[in-house]
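# Summary of structural features
Here is how the chains run, residue by residue.
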Amino acid sequence: MRRRTSVLVACAAMLALSAGAASAQKLRLGTEGAYPPFNYATADGKIEGFDIEIGNALCAEMKVECEFIVQDFDGSIPAIQAGKFDAIINITINPERAEKVNFTRKYYQTPPAIAVPKDSTIAGATPDDLKGKAIGVQNGTVHLNFAQEKYAGSDIKSYPTGEDARADMGNGRVDAVMDGSIILTEWLKSDAGACCKLLGTLAADPAVHGPGVGIALKKGNDELTAKFDAAIDAIRANGKYKEINDKYFSFDAFGG
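Residues numbered from 1 in each chain as written. Predicted model: local features only at pLDDT ≥ 70, side-chain atom pairs only at ≥ 80, totals over all residues. Heavy atoms only, no water.

Turning our eyes to something else, we now look at the sheet that holds strand β11 (residues 176–180). Read from one edge of the open sheet, 5 strands run β10-β9-β11-β8-β12, paired in mixed fashion. Each edge of the open sheet carries a strand with a single partner, namely β10 (155–159) and β12 (196–201). Each strand axis lies, on average, 30° off the axis of its neighbour in the sheet, ignoring direction. Of the strands in this sheet, β8 (112–117), β9 (134–138), β10 and β11 are in contact with helix α5 (residues 142–150), which crosses β11 at around 130°. Lying over the sheet, helix α7 (residues 181–188) contacts β8, β11 and β12, oriented at roughly 120° with respect to β11. (Pairing = 2+ DSSP bridges. Helix = DSSP H or I, 4+ residues; strand = E, 2+ residues; numbered from the N terminus. Axes fitted to C-alpha atoms, helices over the stretch in contact; angles between N-to-C directions. Contact = heavy atoms within 4.5 Å.)

Structure below.
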């Protein structure tokens with residue numbers, strides 16, 4: 001009986017090790033899926049965009065498989081803390097969030113900006129220019145924190161997604177929207193953005209916006225964080241980052 005029990009224990013241990021090895025070869029990456037051109041759903045439901053291609057390049061560099069799962073942005077950090085994902089791509093790095101999750105180094109950087117309808121009479125993008133005006137901003141983002149702190153004289157309205165905020169501006173429900181400059185610039189080139197114009201790009205506040213946009217992992221997962229960092233460095237060095245970047249942008253999204 002003792003011999004049989006020992007054999008069963010050994011088999012169970014081998015199965016556990018095999019399962020662990022298999023799971024280690026696949027990373028679950030959360031993505032909003034509603035933030036073009038970084039991540040978005042196609043008509044057939046496929047998730048594509050800059051983030052997805054960068055994520056796949058990083059996984060290839062680490063010799064693992066990526067599985068992308070859509071996650072509402074506002075619940076991203078709780079989802080990481082609960083172990084729902086191995087990592088979530090496209091989260092701005094800042095001190096408040098860094099207390100809750102691990103961050104990789106940045107993989108892109110964009111200053112904030114404000115867009116308005118083409119017939120808007122708002123003269124500039126300063127807090128005084130927008131005093132008393134309604135500004136739409138995506139909930140849970142550093143842009144919302146920045147708007148609430150710096151544009152306190154405005155009526156700040158939060159939305160589940162940036163697309164919702166932009167749609168309300170197009171429908172006349174808000175006077176302006178605040179988001180990343182890349183997002184707004186690319187949106188203005190689309191049919192949906194034909195209604196509007198860029199009012200101005202804003203100076204980022206390092207205390208709010210941090211050093212850039214990175215990948216979030218569960219707090220304490222230092223080994224995987226280091227692997228992501230090394231992979232980011234590698235695709236920057238071997239030209240893969242530029243290859244992906246140039247499909248989406250006419251400038252280096254990595255920033256200075």
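Read on, since the account is not over.
Of all the positions in helix α6 (residues 162–170), only Gly162, Ala165, Arg166, Asp168 and Met169 are classed as buried. Around the axis of α6, the buried residues are gathered within 160° of arc, so they sit on the same side. Close packing links the buried residues of α6 with β8, β9, β10, β11, α7 and β12. Capping the start of α6, Thr161 holds a side-chain oxygen 3.4 Å from the backbone nitrogen of Glu163, two or three residues further along. (Buried < 20%, exposed > 50% of the residue type's maximum accessible area, 1.4 Å probe, protein only. Arc of directions from axis to C-beta. Polar contact = N/O pair within 3.5 Å; in protein donor to acceptor, adjacent residues only side chain to side chain.)

What follows covers the sheet that holds strand β13 (residues 212–218). Strand order in this open sheet of 5 strands is β5-β1-β6-β13-β7, and the pairing throughout is mixed. Whereas interior strands pair on both sides, the edge strands pair on one side only; in this sheet they are β5 (65–70) and β7 (101–103). Strand after strand, the sheet turns through a mean of 40° between neighbouring axes, direction not considered. The strands touched by helix α2 (residues 50–62) within the sheet are β1 (26–31), β5, β6 (87–93) and β13, with β5 carrying the most contacts at an inclination of about 150°.

Next up on the list: the packing of α2 against helix α10 (residues 240–248). Where α2 meets α10, the closest approach of the two axes is 10 Å, and the angle between their N-to-C directions is 165°. Taken together, the axes of α2 and α10 are roughly antiparallel relative to one another. With respect to the hand of their crossing, α2 and α10 are arranged in right-handed fashion. For the pair formed by α2 and α10, the contact residues are Phe50, Glu53, Ile54 and Ala57 on the first element and Lys240, Tyr241, Ile244, Asn245, Lys247 and Tyr248 on the second. Of the residues in the contact of α2 with α10, the class split is 6 nonpolar, 1 polar and 3 charged. (Parallel < 35°, antiparallel > 145°, perpendicular 65-115°, else oblique. Left-handed = near helix turned anticlockwise from the far one by under 90°. Nonpolar A, V, L, I, M, F, W, Y, C, P; charged D, E, K, R; others polar.)

So, on to the confidence of the model for the protein. Taken residue by residue, the protein gives an average pLDDT of 90. The fraction at 70 or more is 91%. A low-confidence stretch, residues 1–23 stays under pLDDT 50, and its non-local contacts, those more than four residues away or across chains, total 0 contacts. (pLDDT = per-residue confidence, 0-100.)

This model, assessed by the stated rule, comprises 2 disulfides. One disulfide in the model links Cys59 with Cys66; its S-S distance is 1.9 Å. Here the S-S torsion is close to 80°, and the disulfide linking Cys59 with Cys66 is therefore right-handed. Looking at Cys59, the relative accessible area reads 1%, which means it is buried. Here Cys195 connects covalently by a disulfide to Cys196, the sulfurs 2.4 Å from one another. Linking Cys195 and Cys196, the disulfide has an S-S dihedral of approximately -90° and is accordingly described as left-handed. Classification of Cys195 by relative accessible area gives partly exposed; the value is 30%. Looking at the protein, its bonded cysteines, counted consecutively from the start of the sequence, adopt the pairing 1-2, 3-4. (Disulfide = S-S within 2.5 Å.)

With that out of the way, let us pick up α7. Most of α7 is tucked away: 6 of the 8 residues are buried. Those residues of α7 that sit buried are Ser181, Ile182, Ile183, Leu184, Glu186 and Trp187.

A few words on the packing of α2 against helix α9 (residues 222–237). Between α2 and α9, whose axes approach to 9 Å, the crossing angle comes to 105°. Here α2 lies roughly perpendicular to α9, going by the angle between them. For the pair α2 and α9, the contacting residues are Ile54, Ala57, Leu58, Glu61 and Met62 in the first and Leu224, Lys227, Phe228, Ala231, Ile232, Ala234 and Ile235 in the second. Partitioned by chemical class, the residues of the contact of α2 with α9 number 10 nonpolar, no polar and 2 charged.

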